[in-house]
Amino acid sequence: MAAPLTLLLVLAVTIRAALFRSSLAELIAERVEVVSPITAWKRVVEGLALLDLGVSPYSGDVFHETPLIIYLFHFVVDYAEITFMLADVITAVALYMAVKDYNKQVFRKQKFALEADRYPLDCLELIRSPKEIYLLNPFTILSCVAKSTCGLNNAVVALFIFSTIKGNTLLSAIFLCLATYQSIYPLTLCAPAMLYLMQRQYIPVNFRRASFWWFIAQYLFMYLGSLFVLICLSFFLLGSWDYMPSVYGFILSVPDLTPNIGLFWYFFAEMFEHFRLFFLCVFQINVFFYTIPLSVKLKEHPVFLIFMQLAVISIFKSYPTVGDIALYMAFLPVWSHLYRFLRNTFLVSCVLLACSTLFPVLWHLWIYAGSANSNFYYAITLLFNVAQILLVSDYFYAFLRREHHLTYGLYLKRKDGSEATLVLK
Amino acid sequence: HYAAAQKQAEPAVLQPTPQPKDDFQEELVVRPLHSGDIYASFQFRTLWETDFMRGNKVSHYRLFPKSLGQVISKFSVRELHISFTQGYWRTMQWGQPYLPSPPGAELWVWFQDSVTDVDATWKELTNVLSGIFCASLNFIDSTNTVQPSASFKPLGIGNVTDHRFLRYATLPREIVCTENLTPWKKLLPCGSKAGLAVLLKSEKLFHSSFHSQAVHIRPVCQDWQCKTTSWELRQTLNVVFDLHNSGQGKREWSLFKMFSRTLTEACPLASSSKIYIDITDNPEQFELSPATSLLSQAMVLGDRRTFSVYDLTQQDTFGSVRSLNLLIRWKSTEGDMLRPLLHAERYVAGYGLQTGEIHTLMYNHHPYRSFPVLLLDSVPWYLRLYIHTLTVTSKGKDNKPSYIHYQPSKDRVRPHLLEMLVQLPPNSVTEVTVQFERALLKWTEYTPDPNHGFYVGSSVISSLVPSTVAMDTNSTRERPLFSSFFPCKEESSYFVRVYTEPLLVNLPTPDFSMPYNVICLTCTVVAVGYGSLYNLLTRSFQIEEPSPGLAKRIANVIRKMRGVPPL
């Protein structure tokens, strides 16, 4: 499979390079759907310019990247395009190899569990690796051409997934720590990582077992240790803790209400002052809140749990962009065998397509033509998020249904022998 | 004050207690402008040799207004400059003003070194001044206050260089009206009852192209050795009457036409009360009556001007009719004005409500000299400047500023501050551009008329401009050789401060009628997510049994009650 992969990589790099050279690059770099105040390239350049002027980039409210990004781009700012293309390539390759490894394990497991009443497993062989959809997804291409640092975040998350699936605890903890350091939300990926690694090392997931707690302690120690090291390194870059409120305080308290494809901006633009803190806490807790229930339900399927967590983060985070959506959409082909159980594919795909095309139109009408107002753009945001939620819950339903069939058989019959229908009760 | 002055006209014997030495002077300068408009500038100066600091309570106020004296001592003010302006000064048509001021309200204060919490003192000071001048200076807060590092040096004595004690704020939206003029007039020793202040009638003063009233307080040296210092209070009022609006199109001005009053006496408390008419262009351009023999020459803004002086303390100025009504009649409209050497413009470029660009143009009209200017820009936080897009070009080429001080803004806390030292090449236009992004504010942060736009205060351009007239490279006068080598005449450079126009910028607005709807709709979407995930997490798949018909269900209920197995 190496030849198709390299062919695909070459094609993807060509598309991106062509777009970088065209005049569309500047246009795309300004679009609010693709860049957000935390990921915009213009702000990275501004931060570096402030550093050149002798002013700390965190003394103003324009730069919200972590100090490691300053470290990185201080040296490679002239090669920014290559850096972002490389990040995309790393993400794709890491995901490809991770899924290949995962497939091997899945096949092995199912060979052992081959008993009677299994429905045809050849569906599993039709799994395509996520490389194609990630590299050729228009969202990813837009994100790369805009030089949004979301691409770098995605690369780190992909490396984390790869090292988790390979079973390397230390690397998994380090990459997860890097991802959390960049934006706080990947913290929820701790649970699936731990579950997967425990599964791989045959540690039973049981609260009463000492080995369970011992493993958790180990993983958390590695994770927190690397986080501590990173935070100290960031302190020594500029010699102050200014970056903490600028980066993490910004992500959590959402002071900047620039429109994006998420739910936060208009909500907090129209919020009554009295309730602002309350709803801020509610919305932020909403992202972290599904971790434990999902982990309990999906403790035997940690990779699907990773997918669910990524999707929840991308939909409910404070400043989402299309780059975040591209990351979890990259996983959809891994579950392509669930296709027969999906119920809303037509609706969801139509809505997503329509919304993606309506975003720039209604933005233009609001900001440039002045004939629409912010409600139009907000409505499309709502629709887009509903479609995403529908997509994710659809896949969840299909996954659970497939698990049910695997245990109880595909063709179910009622007591009187007629064809049965399954419902959730 | 007036009654006390009458009593003091009697000869005084030796007083047991030493009187504080204070002195009041009033002056009016009238300058006919080439466009047919007329520029009148009032200055009222009170000098008082006293010490507000060092804790000694000053309680005997005579000429100095008590409210301002208390402000100085309570807030440990070293210098205070406040101005209220209606209209924009058109430099290219009117020349340079004697005292420049930006549209709206402007306040800048130097505090004494003894102040520990400058920000708290500033806040209290603005609120107290807001009460004294009946203006909404209470809108000055940390979001429009800056600490310039180079543009506003102290104008009085004092060699302080620590800019922590300086605060500068403008309110470009502030409107000036009679309500602000009345308390300003009350601060004068004679009020508006005697002297030049009787001319200050609001119905004529506000019917003008430009109106600016200001108060400047600073410590000055009393003698040339500076052994004693005194406090100087200057109240200035600049007004430009329009040829067509107030002058009815006739190029003929008189005190009565301008102010609807004539002068009858000087202020008895004033040690000097004079009117100066700028007659440098007389008699070719206009004629002046009643004539006066008093003449005075002064170097003003790099130009030697001649003035006719009317001394109001002399009784014969008022003539037999006991009133003075100066008449200025234009004879011809030819002749050109001395072109001002430094001039600036500013505008917003771009389209749409997402981004924009601020362009500042600075014109240097000197034929052969370049000089540096300090540009101070204070932009509110909701226009996010990108300093890496700052470009300075002169004559099409890049002109790198030699000093840039930039303090980025913090959302809802402080504005941007950009100060640059730019060298302007001779006879050129220098363009400074910087890109910005417009922020979406919370719905409560918009003014009641959000589509009017948001004001950005004027840029301040300060410079020492070399004068063309005083610079005489081939000296034709008779002078000894030892003094004529270096090209230096009486005033070869003069300080000029130019204010640009304020900007009006539109921001994208949310829909103000929608808060409840938005909260409901967004919470619905979140609930949809929550609901679907909750369903899938808490329920499991079961085979659906078809529910029996109604009759069968009732029968089953009865059978259950009887204890019989159901159908």
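Residues numbered from 1 in each chain as written. Chains lettered and ligands numbered in written order. Predicted model: local features only at pLDDT ≥ 70, side-chain atom pairs only at ≥ 80, totals over all residues. Heavy atoms only, no water.

Novice: Hey, could you run me through the overall build of chain A in this one?
Specialist: Within chain A, the secondary structure is distributed over 19 helices and one strand. Over its C-alpha atoms chain A spans a radius of gyration of 22 Å, differing by no more than 12% from the 22 Å that the globule rule assigns to 425 residues. When the backbone C-alpha atoms are referred to their principal axes, chain A occupies close to 75 × 55 × 55 Å. Within chain A, the proportion of its 425 residues that are buried is 58%. (Helix = DSSP H or I, 4+ residues; strand = E, 2+ residues; numbered from the N terminus. Rg over C-alpha atoms; globule rule 2.2 N^0.38 Å. Buried < 20%, exposed > 50% of the residue type's maximum accessible area, 1.4 Å probe, protein only.)

Novice: I keep staring at the nonpolar core and nothing clicks. Help me out?
Specialist: Taken as a class, soluble globular proteins show a tendency for nonpolar side chains to be buried jointly. Formed by 198 residues in total, the largest nonpolar core has its most connected members in A:I161, A:W335 and A:F396. It is helix 19 (residues 374-408) of chain A that contributes the most residues to this core, 15 residues altogether. Filtering out sequence-adjacent residues up to four positions away, A:I161 remains in contact with A:L95, A:A98, A:I306, A:L310 and A:F331. By size, the runner-up hydrophobic cluster in this structure holds 90 residues, among which are B:A169, B:L171, B:L199 and B:I279. (Core = buried A, V, L, I, M, F, W, Y, C linked by side-chain atoms within 4.5 Å. Contact = heavy atoms within 4.5 Å.)

Novice: How should I be thinking about empty space enclosed by the protein in this particular structure?
Specialist: Where empty space is left in the structure can be found by rolling a water-sized probe over the atoms. Residue and element names in this part refer to chain A. Applying the stated rule across the entire model yields nine cavities of 30 Å³ or more. Put simply, the largest cavity is a space of about 160 Å³. Lining the largest cavity are 14 residues, and of these V157, S183, P186, K317 and D324 sit closest to its centre. Mapped onto the lining of the largest cavity, the elements with two or more residues apiece are helix 8 (150-166), helix 9 (169-182), helix 16 (302-316) and helix 17 (322-329). Split into classes, the residues belonging to the lining of the largest cavity amount to seven nonpolar, five polar and two charged. Taken together, 17 residues form the lining of the second largest cavity, with I38, T39, N153, Q182 and S183 sitting closest to its centre. (1 Å grid on protein atoms, 1.4 Å probe; cavity = no way out; pocket = protein on both sides within 12 Å on 5 of 7 lines; lining within 4 Å. Points joined across faces, edges and corners; volume = space filled by probe spheres on them. Nonpolar A, V, L, I, M, F, W, Y, C, P; charged D, E, K, R; others polar.)

Novice: Can you help me understand the packing of helix 8 of chain A against helix 9 of chain A in this one?
Specialist: Helix packing geometry: the angle between the two helix axes and the distance between the axes. All names here are of chain A. Following both chains from N to C, one finds helix 8 and helix 9 inclined at 155°, their axes separated by 8 Å at the closest point. As the angle between them shows, helix 8 and helix 9 are arranged roughly antiparallel. Classified by chirality, the crossing of helix 9 by helix 8 is left-handed. Facing helix 8, whose interface residues are N153, V156, V157, L159, F160, S163 and T164, helix 9 presents L171, S172, F175, L176, L178, A179 and Q182. The residue makeup of the contact of helix 8 with helix 9, split by class, is nine nonpolar, five polar and no charged. (Axes fitted to C-alpha atoms, helices over the stretch in contact; angles between N-to-C directions. Parallel < 35°, antiparallel > 145°, perpendicular 65-115°, else oblique. Left-handed = near helix turned anticlockwise from the far one by under 90°.)

Novice: I keep staring at the sheet that holds strand 15 (residues 342-349) of chain B and nothing clicks. Help me out?
Specialist: Picture the strands of a sheet paired through backbone hydrogen bonds; they go either parallel or antiparallel. With antiparallel pairing, the five strands of this open sheet are ordered in space as 15-16-22-18-19 (chain B). In this open sheet, the two edge strands, each paired with only one partner strand, are strand 15 and strand 19 (397-398) of chain B. The sheet contact formed by strand 15 of chain B and strand 16 (residues 355-364) of chain B spans eight bridges and is antiparallel. Note that in strand 16 of chain B the partner of B:A349 across the bridge is B:E357. In this fold helix 3 (residues 41-53) of chain A packs onto strand 18 (383-394) and strand 22 (428-438) of chain B, with an angle of close to 65° to the strand it touches most, strand 18 of chain B. (Pairing = 2+ DSSP bridges.)

Novice: What's the story with the pairing of strand 1 (residues 22-32) of chain B in this structure? I'm lost.
Specialist: Successive side chains on a regular strand alternate, one facing one side of the sheet and the next facing the other. Residues and elements named next belong to chain B. Of all 11 residues making up strand 1, eight are buried, and the element is well covered by its neighbours. With 11 bridges joining them, strand 1 and strand 2 (residues 38-48) adopt antiparallel strand pairing. If you follow D22 over to strand 2, its bridge partner there is W48. Hairpin remark: strand 1 followed by strand 2, antiparallel, with five residues in the connecting loop; positive phi at G36, about 100°.

Novice: What is the right way to read the sheet that holds strand 7 (residues 210-221) of chain B from this model?
Specialist: All names here are of chain B. Read across the open sheet, the 11 strands follow the order 5-6-4-3-7-8-2-1-10-13-12; overall the sheet is mixed. This sheet does not close on itself; its edge strands, each paired only once, are strand 5 (145-146) and strand 12 (295-300). Where strand 12 lies against strand 13 (residues 303-311), six bridges are found, and the strand directions are antiparallel. Across the sheet, the residue bridging to M299 is R304, located in strand 13. Contacting strand 2, strand 7 and strand 8 (229-241), helix 5 (residues 178-186) runs over the sheet at an angle of about 30° to strand 7.

Novice: Would you explain the packing of helix 4 (residues 67-76) of chain A against helix 11 (residues 210-238) of chain A in this entry?
Specialist: Residues and elements named next belong to chain A. Packing of helix 4 against helix 11 leaves a shortest axis separation of 9 Å and a crossing angle of 60°. Considering the angle they form, helix 4 stands oblique to helix 11. Relative to helix 11, helix 4 is oriented so that their crossing is left-handed. Packed against helix 4, whose contacting residues are P67, L68, I70 and Y71, the element helix 11 presents L230, L233, S234, L237 and L238 at the interface. Taken together, the residues that form the contact of helix 4 with helix 11 break down as eight nonpolar, one polar and no charged.

Novice: Is there a simple way to explain the interface of chain A and chain B in this structure?
Specialist: A common way to express how large an interface is: the accessible area buried when the components associate. If you look at the interface, chain A gives 70 residues, while chain B gives 55 residues. Roughly 5,800 Å² of surface becomes buried between chain A and chain B when both sides are summed, with 66% attributable to carbon and sulfur atoms. Scanning the region where chain A abuts chain B turns up three salt bridges. One salt bridge in this structure joins A:R43 and B:E437, with 3.4 Å as the shortest N-O distance. The interface formed by chain A and chain B contains 20 residue pairs in polar contact (both at pLDDT 80 or more). Among the elements of the structure, helix 3, helix 13 (264-269), helix 14 (276-289), helix 15 (291-297), helix 16, helix 18 (345-369), helix 19 and strand 1 (422-424) of chain A are those that each provide at least two residues to the side of chain A that touches chain B. When the residues that make up the side of chain A that touches chain B are grouped by side-chain class, the tally is 44 nonpolar, 11 polar and 15 charged. As paired strands, strand 1 of chain A and strand 27 (residues 541-543) of chain B are joined by three bridges and run antiparallel to one another. Of the residues in strand 27 of chain B, the one forming a bridge with A:L422 is B:I543. (Buried area = accessible area lost by both parts, 1.4 Å probe. Salt bridge = Lys/Arg side-chain N within 4 Å of Asp/Glu carboxyl O. Polar contact = N/O pair within 3.5 Å; in protein donor to acceptor, adjacent residues only side chain to side chain.)

Novice: Any chance you could explain the environment of B:F52 here in plain terms?
Specialist: Residue and element names in this part refer to chain B. Along the polypeptide, F52 turns up in the loop between strand 2 and helix 2 (66-75). You can call F52 buried: its relative accessible area is 3%. Each C-alpha atom, one on F52 and one on V379, is 35 Å from the other, the two residues being 327 residues apart in sequence. If sequence neighbours within four positions are ignored, F52 has contacts with V58, Y61, F64, G69, I72, S73 and W231.

Novice: Help me understand the side chain of B:R384 in this model?
Specialist: Inspection of the secondary structure assignment puts B:R384 in strand 18. Among the polar contacts listed, one links the side chain of B:R384 to the side chain of B:D411, at a separation of 3.0 Å. Excluding its chain neighbours within four sequence positions, the residues that come into contact with B:R384 are A:R43, A:V62, A:D256, A:T258, B:D411, B:H416, B:Q435, B:F436, B:E437 and B:A439.

Novice: Sorry if this is basic, but what is going on with the confidence of the model for chain B here?
Specialist: Parts of the model with low pLDDT should not have their predicted coordinates read in detail. Residues and elements named next belong to chain B. Looking at chain B as a whole, the pLDDT averages 87, with 91% of positions reaching at least 70. The least confident element of chain B, judged by mean pLDDT, is helix 1 (residues 2-8) at 47; the most confident is strand 5 at 96. Within the model, pLDDT remains below 50 along residues 3-12, and this stretch shows three contacts once partners closer than five positions in the same chain are excluded. Scored as a complex, the prediction yields pTM 0.88 and ipTM 0.92. (pLDDT = per-residue confidence, 0-100.)

Novice: Any chance you could explain a positive patch on the surface here in plain terms?
Specialist: A surface patch of like charges, here positive, comprises A:K100, A:K104, A:R108, A:K111 and A:R200. No other element matches the four residues that helix 5 (residues 80-112) of chain A contributes to the positive patch. (Patch = residues over 30% accessible without salt bridge, like charges linked within 9 Å, V, L, I, M, F, W, Y side chains within 5 Å. Areas by Shrake-Rupley, 256 points an atom, 1.4 Å probe, with all protein chains shown as cover. Lys, Arg positive; Asp, Glu negative; His and termini not counted. Charge placed at Lys NZ, Arg CZ, Asp CG, Glu CD.)

Novice: Where do I start with the packing of aromatic side chains in this structure?
Specialist: For any pair of aromatic rings, the description rests on two quantities: the centre-to-centre distance and the angle between the ring planes. This model, assessed by the stated rule, comprises 67 aromatic pairs over all chains. A ring pair is formed by A:W265 and A:Y266, whose centres lie 5.1 Å apart and whose planes are at 55°; its orientation type is tilted. For A:W265, a relative accessible area of 2% corresponds to the buried category. On the basis of relative accessible area, A:Y266 is assigned to the buried category, the value being 0%. Summarising the aromatic geometry, the rings of B:Y276 and B:F307 are spaced 6.1 Å apart at their centres and angled 90° between planes, so their arrangement reads as edge-to-face. With B:Y276 in strand 10 (residues 272-278) and B:F307 in strand 13, the pair connects residues that are 31 residues apart, well separated along the chain. Residue B:Y276 shares its accessibility class with B:F307, and that shared class is buried. Cluster of aromatic residues (ring-pair linked, three or more members): A:Y102, A:F304, A:F307, A:Y328, A:F331, A:W335, A:Y395, A:F396 and A:F399. Above the plane of the ring of B:Y386 lies A:K42, whose end atom (NZ or CZ) is 4.4 Å from the centre. The ring of B:W253 carries the charged tip of B:K257 above its face, separated from the ring centre by 5.4 Å. (Phe/Tyr/Trp six-rings, centres within 6.5 Å; stacked < 30°, edge-to-face > 60°. Lys NZ or Arg CZ within 6 Å of the ring centre and 35° of its normal.)

Novice: Hey, could you run me through the pairing of strand 21 (residues 416-424) of chain B in this one?
Specialist: All names here are of chain B. The buried fraction of strand 21 is high, at seven of nine residues. Where strand 17 (residues 371-379) lies against strand 21, nine bridges are found, and the strand directions are antiparallel. Of the residues in strand 21, the one forming a bridge with L375 is M420. Note: strand 20 (residues 403-407) against strand 21, five bridges, orientation antiparallel.

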